[in-house]
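Coordinates in review
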Amino acid sequence: MASEVAQIPAEETPAVAAEKSEEPEKPAAPPADSSAAPAAAPAVEKVEDAESDKKDEAGKQDKQQDNEEPKKEEAVAAPVAAKSEAPPAQKFNVHKTNFEKDIIYLYQFSRTPLLPSLSPYCLKVETWLRLVGLKYENVDHKMRFRSKKGQLPFIELNGEEIADSAIIIKELSSKYEKNLDSGLTAEQRNVSYATIAMLENHLIWIIFYWRAKYPDNVLKGYKVNLQHALGLRLPNSILNFFFKITFGRKWFQGTKKLKAHGIGVHSAEEIEEFGKNDLKVLSEMLDCKPFFFGDEPTTLDVVAFAVLSQLHYLSKDIAYPLRDYMTEKCPNLIGHVSRMKDKCFPDWDEICTKLDLNAHIPKPEPETKEGKEGGEQEKSNEQEGPEGDKIEKELEKDKSNEKESTEENKEKEETK
């Protein structure tokens with residue numbers, strides 16, 4: 001039994017617990033050290049108070065964190081919402097930053113009194129734009145800007161730059177469905193492509209050779225005013241001097257480009273013969289037709305006009321054998337230039353006399369002087385109205401006085 005009792009756990013068995021519950025409760029004996037009891041009670045209370053304070057502080061911190069979390073979420077969400085509501089303004093790497101949508105901004109050379117542009121490539125683009133009827137505006141940049149490729153002409157459309165005349169026409173034809181060659185056959189397209197290559201890669205360079213060799217004749221032949229073209233205040237004599245150096249010196253870019261092309265290594269007589277052969281081919285292709293492929297102009301007509309007009313509109317005061325050959329031997333080419341001019345540039349005279357880059361854009365009508373004078377007269381009449389009435393009244397008084405005086409004189413004479 002002793003061994004079995006020893007194996008009973010300290011929690012006691014249920015039977016023993018029942019017996020103890022039946023016994024009356026005895027008061028607990030005081031501890032040996034009675035003075036320790038009262039001291040222990042406040043210590044326990046302090047510990048409990050400290051724990052409760054910690055719990056309160058922890059609860060407050062939790063509440064603060066709960067309150068701060070939505071504020072943080074709102075603070076993070078605010079800039080996100082602001083970004084979504086107001087996207088950043090798009091930056092355009094173009095010269096015309098305040099552009100209008102779908103307006104083509106053309107950068108080219110300045111006008112001259114005899115020709116809208118001294119550049120066949122610039123005149124080509126502007127002629128094509130007018131022929132297909134697209135809205136464009138020339139930018140008066142005084143020849144200060146070049147494209148990213150270093151060329152003129154170039155255009156800016158909806159914040160995008162497009163350079164090179166051939167690429168400009170190709171891109172705009174695709175975008176606006178303005179293909180002038182849509183009615184041509186495959187064979188005609190091939191002939192057009194080859195002829196344009198002859199014009200732009202051969203005949204143009206023959207013209208450039210003459211310009212590089214005789215820069216003074218360029219200024220006189222087209223009556224170029226460099227002061228207006230460049231927007232400078234220097235006298236034209238100084239500007240003309242620098243122009244001659246720039247285009248006339250063998251070591252400068254004009255002659256270098258001609259030699260790099262290949263045309264510049266030939267003699268003047270050989271180059272002149274090349275040009276006459278090109279004009280003869282064009283004349284035979286055109287024959288008696290109004291345009292190269294019939295009754296309507298195509299891209300070939302645009303390019304031919306831009307190049308041939310450089311010859312035709314040179315002043316007759318300047319000797320140029322190639323121009324004289326075209327006038328005498330190829331009169332149908334002169335007729336072609338005139339037809340293209342009338343069709344695409346009805347404002348040619350206004351362009352050349354006023355040197356206006358945007359003569360095709362309607363200008364706001366100025367107030368007429370007659371209207372102003374009429375308005376001023378009406379105002380003067382209104383202001384002078386009362387004074388006029390006074391004068392009339394005075395005249396009436398004078399007349400009545402005269403009548404009275406005459407009547408009195410008559411009466412006196414009768415009495416006599």
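Residues numbered from 1 in each chain as written. Predicted model: local features only at pLDDT ≥ 70, side-chain atom pairs only at ≥ 80, totals over all residues. Heavy atoms only, no water.

**Digging into the packing of helix α12 (residues 299-312) against helix α13 (residues 321-329)**
Packed helices, taken two at a time, are described by their axes: the angle between them and the distance between them. Following both chains from N to C, one finds α12 and α13 inclined at 105 degrees, their axes separated by 8 Å at the closest point. Classified by the angle their axes make, α12 and α13 are roughly perpendicular. Judged by residue contacts, Leu308, Leu311 and His312 of α12 engage Leu322, Arg323 and Met326 from α13. Here the residues of the contact of α12 with α13 are counted per class, giving four nonpolar, one polar and one charged. (Axes fitted to C-alpha atoms, helices over the stretch in contact; angles between N-to-C directions. Helix = DSSP H or I, 4+ residues; strand = E, 2+ residues; numbered from the N terminus. Parallel < 35°, antiparallel > 145°, perpendicular 65-115°, else oblique. Contact = heavy atoms within 4.5 Å. Nonpolar A, V, L, I, M, F, W, Y, C, P; charged D, E, K, R; others polar.)

**Considering helix α4 (residues 120-132)**
For α4, which comprises 13 residues, the first-to-last C-alpha distance of 18 Å matches the rise-based estimate of 18 Å (1.5 Å per residue) to within 8%. The element α4 is extensively covered by neighbouring structure, given that 12 of its 13 residues are classed as buried. (Expected span 1.5 Å × (residues − 1). Buried < 20%, exposed > 50% of the residue type's maximum accessible area, 1.4 Å probe, protein only.)

**Topic: the sheet that holds strand β2 (residues 136-138)**
Read from one edge of the open sheet, four strands run β2-β1-β3-β4, paired in mixed fashion. Two strands in the sheet have a free side with no partner beyond their single neighbour: β2 and β4 (160-163). Neighbour-to-neighbour, the strand axes of the sheet open up by a mean angle of 25 degrees, direction not taken into account. Across three bridges, the pairing between strand β1 (residues 104-107) and strand β3 (residues 154-157) is antiparallel. Bridge pairing in β3 links Leu106 to Ile155. (Pairing = 2+ DSSP bridges.)

**Brief notes about the side chain of Asp301**
Summarising the element assignment, Asp301 is placed in helix α12. Arg339 provides the closest opposite charge to the buried, salt-bridge-free Asp301, at an N-O distance of 7.7 Å. Of the polar contacts made by the side chain of Asp301, one reaches the backbone nitrogen of Thr298; its length is 2.8 Å. (Lys, Arg positive; Asp, Glu negative; His and termini not counted. Salt bridge = Lys/Arg side-chain N within 4 Å of Asp/Glu carboxyl O. Polar contact = N/O pair within 3.5 Å; in protein donor to acceptor, adjacent residues only side chain to side chain.)

**A word on the nonpolar core**
Within the largest apolar cluster, 71 residues are counted, with the highest numbers of intra-cluster contacts made by Leu129, Leu172, Leu279 and Leu308. With sequence-adjacent residues up to four places away left out, Leu308 is seen in contact with Leu203, Leu279, Leu282, Met326, Leu333 and Val337. With eight residues, the next largest nonpolar core counts Tyr105, Tyr107, Cys122 and Val139 among its residues. (Core = buried A, V, L, I, M, F, W, Y, C linked by side-chain atoms within 4.5 Å.)

**Re the pairing of β1**
Every second residue of β1 is oriented toward a common face, with Ile104 and Leu106 on one face and Tyr105 and Tyr107 on the other, all of them buried. With three bridges joining them, β1 and β2 adopt parallel strand pairing. Bridged to Ile104 within β2 is Tyr136. The parallel pair β1 and β2 is bridged by α4, and the resulting crossover is right-handed. (Right-handed = clockwise from strand over helix to strand, strands pointing away.)

**Some remarks on the confidence of the model for the chain**
Taken as a whole, the chain shows an average pLDDT of 78; of its residues, 64% reach a score of 70 or greater. Segment residues 1-47 is flagged for pLDDT under 50; beyond a separation of four residues in sequence, or across chains, it makes two contacts in the model. In the model, residues 378-388 has pLDDT below 50 throughout and makes zero contacts with residues more than four positions away in sequence or in other chains. (pLDDT = per-residue confidence, 0-100.)

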